Amino acid sequence: MNSIRILALLFFLPYSIMATTVSVGILVSKKLTTVIFSPLSGDYVITADSARIILDNKDLAYLTYSNGKIALKTLKGEIGIYSTIRIESVRESGTFKFKPVIPYGRLRSYDDDLEIRVVQQHLRIINHVNLDKYVAGVVKSEIGITSSLELYKVQAIICRTYSLSNFRKHEEEDYQLCDKVHCQVYAGRCAVTDPETGIMYAGAEKIARAAEITSGIIIVDDNLELVTAAFHSNCGGQTANSEDVWSKFLPYLRSVRDTFCYRGRNARWKRRIPERKWISYLTKSCGLDPASSNFTKNATAFTQGNRARYYAGHSNIPLHKIRKDWKFKSAYFSIYKQYEDLIFSGKGFGHGVGMCQQGAMRMAEYHIDYKKIIHHYYTDVTLIEIGSLKYLLK
Ligand SMILES: [Zn+2]
Ligand SMILES: [Zn+2]
């Protein structure tokens with residue numbers, strides 16, 4: 001890759017992409033007014049306006065909204081009332097427990113630092129966290145812990161790419177990402193032990209390792225822009241083109257064959273629908289003329305060998321609209337008649353665009369390299385290490 005292209009990439013990427021720390025708004029919709037912070041590993045220092053208070057790892061900070069400010073207490077007693085509070089690890093990497101008290105919430109644990117500000121009549125909680133640790137936390141929250149290292153690497157790269165392309169979503173609120181589906185679900189650090197239940201997750205270490213091994217790696221397209229790293233549960237044997245689902249053509253989201261997901265949990269589905277209901281839908285909701293030639297034939301027998309974009313060639317009836325209207329598991333289905341009913345026989349689960357998770361999972365089980373998995377589902381993309389760009393530009 002030449003340096004002009006790399007310069008172009010730097011131009012297109014968000015300003016903060018070179019940063020290795022992200023700021024994540026924690027439980028923002030809960031409008032928290034009282035929370036407890038306690039160190040889990042390492043000592044912390046509290047910067048409360050201009051005051052500095054050392055918080056050793058046996059102490060805790062009790063923070064309450066109070067008349068537009070934050071009241072701070074520790075085990076030593078009341079410390080004071082401040083406008084902003086930042087609690088930072090003394091050494092490079094500390095971990096802490098966080099408990100929402102009002103409103104009540106489950107105990108969680110996080111990596112690195114915490115910032116508390118006042119917004120309207122509640123506290124705004126922001127976790128300043130190393131990007132790889134954040135990525136590990138998201139992968140654990142989103143896909144769980146029953147997978148292989150190679151798949152975790154794939155998910156970590158997708159998650160990192162997605163995070164960086166969403167860095168500006170919360171610019172107005174003064175943090176970069178929220179912890180809900182809107183950005184990506186982040187329920188805290190990728191911990192081996194759940195702080196509330198004590199349940200052990202041996203797989204958590206594997207996830208953290210995958211995030212570290214792939215540290216800084218993101219997926220860019222031919223124009224060196226971050227890709228929309230779409231994924232779904234099961235493609236049914238063939239992924240979908242982006243424009244078939246979202247109208248937008250993206251050169252790297254092309255339909256590809258996938259033989260790895262056939263035996264996946266969500267490879268097949270079936271639905272029985274009375275013929276008269278389906279006919280009524282086609283005429284009333286889709287505007288088809290029941291008197292037109294081939295109407296009944298097409299309505300009661302429809303086959304998708306390869307994935308199609310439209311129902312029976314009608315450019316006003318995209319298959320993804322039918323999927324949405326009928327809450328089908330996928331738009332990759334065929335129809336045949338059985339007595340008074342129609343049987344909808346479908347393949348796959350999800351929109352079908354980008355990576356097929358169950359296919360990728362099976363590929364990883366066959367020890368196929370994470371790079372090959374990514375290149376299989378995303379056409380002509382490049383894996384690039386953000387940290388090496390500065391070096392390459394010298
Ligand atoms: Zn968000
Ligand atoms: Zn698949």
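Bear in mind that the values here come from a model prediction, so they are computed numbers and not experimental data.

Visitor: Can you walk me through the domain arrangement of the chain in this structure?
Guide: Interfaces are frequently sized by the accessible area removed from exposure as the parts join. Looking at the chain, the domain boundaries give domain 1 (23–133) and domain 2 (268–347). Using only C-alpha atoms to locate each centre, domain 1 and domain 2 end up separated by 54 Å.

Visitor: Can you help me understand the sheet that holds strand E6 (residues 69–74) in this one?
Guide: Pairing is antiparallel across the open sheet formed by 6 strands, whose spatial order is E7-E6-E5-E2-E9-E10. Single-partner strands in this sheet number two, and they are strand E7 (77–82) and strand E10 (108–111). Here the strands of the sheet are splayed against their neighbours by 25° on average, with no regard to which way each runs. Inspection of the sheet shows strand E2 (residues 34–41) paired to strand E9 (residues 95–102) by 7 bridges, in the antiparallel sense. The partner of threonine 34 across the bridge, within E9, is isoleucine 102.

Visitor: Please explain the sheet that holds strand E17 (residues 333–338) as it appears in this structure.
Guide: Pairing between sheet strands relies on hydrogen bonds along the backbone, with the strands arranged either parallel or antiparallel. Taken together, the 3 strands give an open sheet; going across it, the order is E16-E18-E17, and neighbouring strands pair in antiparallel fashion. Pairing within the sheet leaves two strands with one partner each, and these edge strands are strand E16 (268–274) and E17. Averaged over neighbouring strand pairs, the angle between their axes works out to 20° when direction is ignored. Bridging between E16 and strand E18 (residues 341–347) involves 7 bridges; their strand directions are antiparallel. In the sheet register, tryptophan 269 faces E18, and the bridge partner there is glycine 346. Sheet strands touched by helix H6 (residues 275–285): E16, E17 and E18. Its angle to E16, the strand with the most contacts, is close to 90°.

Visitor: I would appreciate a short explanation of the coordination of the zinc ion (ligand 1) in the present structure.
Guide: Looking at the zinc ion (ligand 1), the protein donor atoms are His170 (NE2), Cys178 (SG), His182 (ND1) and Cys183 (SG), and they sit 2.0 to 2.4 Å from it. Here the zinc ion (ligand 1) binds 4 donor atoms, and the angle range of 101 to 118° at the metal identifies the geometry as tetrahedral. One chain supplies every donor to the zinc ion (ligand 1), and in sequence these donors are spaced H-x7-C-x3-H-C. Neither cysteine 178 nor cysteine 183 differs from the other in exposure class; each is buried.

Visitor: I would appreciate a short explanation of unusual backbone geometry in the present structure.
Guide: Excluding glycine, a negative phi dihedral is what most residues carry, and trans is how most peptide bonds are arranged. Cis peptide bonds are those with omega within 30 degrees of zero, and the linkage from isoleucine 102 to proline 103 qualifies with -15°. Along the chain, proline 103 turns up in the loop between E9 and E10. For lysine 31, which is not glycine, the phi dihedral falls at a positive 50°. Its place among the elements puts lysine 31 in the loop between strand E1 (21–26) and E2. Located in the positive-phi region is aspartate 174, a residue other than glycine, with phi close to 70°.

Visitor: Looking at this model, I keep getting lost on the side chain of serine 334. Mind explaining?
Guide: Mapped onto the fold, serine 334 is located in strand E17. When its relative accessible area of 18% is taken as the criterion, serine 334 is described as buried. Within the structure, the side chain of serine 334 is placed 2.9 Å from the backbone nitrogen of glutamine 304, a separation counted as a polar contact. Contact partners of serine 334, with chain neighbours within four places excluded, come to Phe302, Thr303, Gln304, Ile343, Phe344 and Ser345.

Analysis parameters
- Residues numbered from 1 in each chain as written.
- Chains lettered and ligands numbered in written order.
- Predicted model: local features only at pLDDT ≥ 70, side-chain atom pairs only at ≥ 80, totals over all residues.
- Heavy atoms only, no water.
- Domains from an automatic or database assignment.
- Pairing = 2+ DSSP bridges.
- Helix = DSSP H or I, 4+ residues; strand = E, 2+ residues; numbered from the N terminus.
- Axes fitted to C-alpha atoms, helices over the stretch in contact; angles between N-to-C directions.
- Contact = heavy atoms within 4.5 Å.
- Donors = N, O, S within 2.8 Å, 3.2 Å for Na, K, Ca; no water.
- Tetrahedral: all angles 85-135°; square planar, octahedral: opposite > 155°, others 65-115°.
- Buried < 20%, exposed > 50% of the residue type's maximum accessible area, 1.4 Å probe, protein only.
- Polar contact = N/O pair within 3.5 Å; in protein donor to acceptor, adjacent residues only side chain to side chain.

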